[in-house]
Amino acid sequence: MNLSKLSPFILITFLLFALVAPIEGISQSKTGLLTVTKVSDGDTFWVTHPSGKEEKVRLIGINAPESRKTGNKDVEFFGKEASVYAKQLLLNKRVRLEFDVQKYDRYKRTLAYAYLESGQMVNSLLVKEGYARVATYPPNVRYQEQFQKLEREARSARRGLWR
C-alpha cells in the first residue's frame, strides 16, 4: 500500500472531523426551552420536554439549604425561603439547560446550569440573592469563579441566608 496516496486522505478526514466535532458538541451542550413543572427545593426541579418526557434537574455549582426533612437531612436555616424563591422564579416558566463535563450525578439527576427566557442564569441568581451557597464538584466547574464572586457580594450585602 502506498502511504503517500493515503496520507492526504487521512489528513482531510482528520480536518473534517476536527471541524465537525466541536460544532456537534456545542449544539448538544444546551437544550431548547423546556417547561418547569415542579420545584423540589432551591436547587432541584423537573422539566418537561416537548416529547412529554420529564427530567429531574439539579443545578450545578450551588447548594440551597434543605427545605424539608428527607432521610437523614433536616430542614436547614433559610431552606423554606430558598424553596419559595425558586418556585416563584421557575414554576411554570421555560428554561434552557446548559451542561458541563458530567451530565448526570450518582442519583441520575441531570446536572445543568439553567437560564430563564430573559437570559439570566438561575444558578447565579440564587447565589447572588443569598438563597444558595457555592458548592463546586469537579469536573463541573465552568462558572465556579463567577459563583464565588456572587457569594462574596451576597455575604457582604447580608442578603438571604447571610442576614
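Residues numbered from 1 in each chain as written. Predicted model: local features only at pLDDT ≥ 70, side-chain atom pairs only at ≥ 80, totals over all residues. Heavy atoms only, no water.

Engineer: I'm lost on the packing of aromatic side chains in this one. Help?
Structural biologist: Given two aromatic rings, their pairing is described by the distance between the two centres and the angle made by the two planes. Inspection of every chain in the model, using the stated rule, returns six aromatic pairs. Aromatic side chains Tyr85 and Tyr131 sit 4.1 Å apart centroid to centroid with 10° between the ring planes, which places their arrangement in the stacked category. With Tyr85 in helix α2 (residues 79-90) and Tyr131 in the loop between α3 (122-128) and β7 (133-134), this pair connects stretches of sequence that are 46 residues apart. Residue classification places Tyr85 among the buried positions, given a relative accessible area of 17%. On the accessibility criterion, Tyr131 (15% relative accessible area) is buried. Measuring from ring centre to ring centre gives 6.3 Å for Tyr143 and Phe147, while their planes differ by 45°; the resulting arrangement is tilted. For Phe147, a relative accessible area of 1% gives the class buried. What links up through ring pairs into an aromatic cluster is the set Phe77, Phe78, Tyr85 and Tyr131. (Phe/Tyr/Trp six-rings, centres within 6.5 Å; stacked < 30°, edge-to-face > 60°. Helix = DSSP H or I, 4+ residues; strand = E, 2+ residues; numbered from the N terminus. Buried < 20%, exposed > 50% of the residue type's maximum accessible area, 1.4 Å probe, protein only.)

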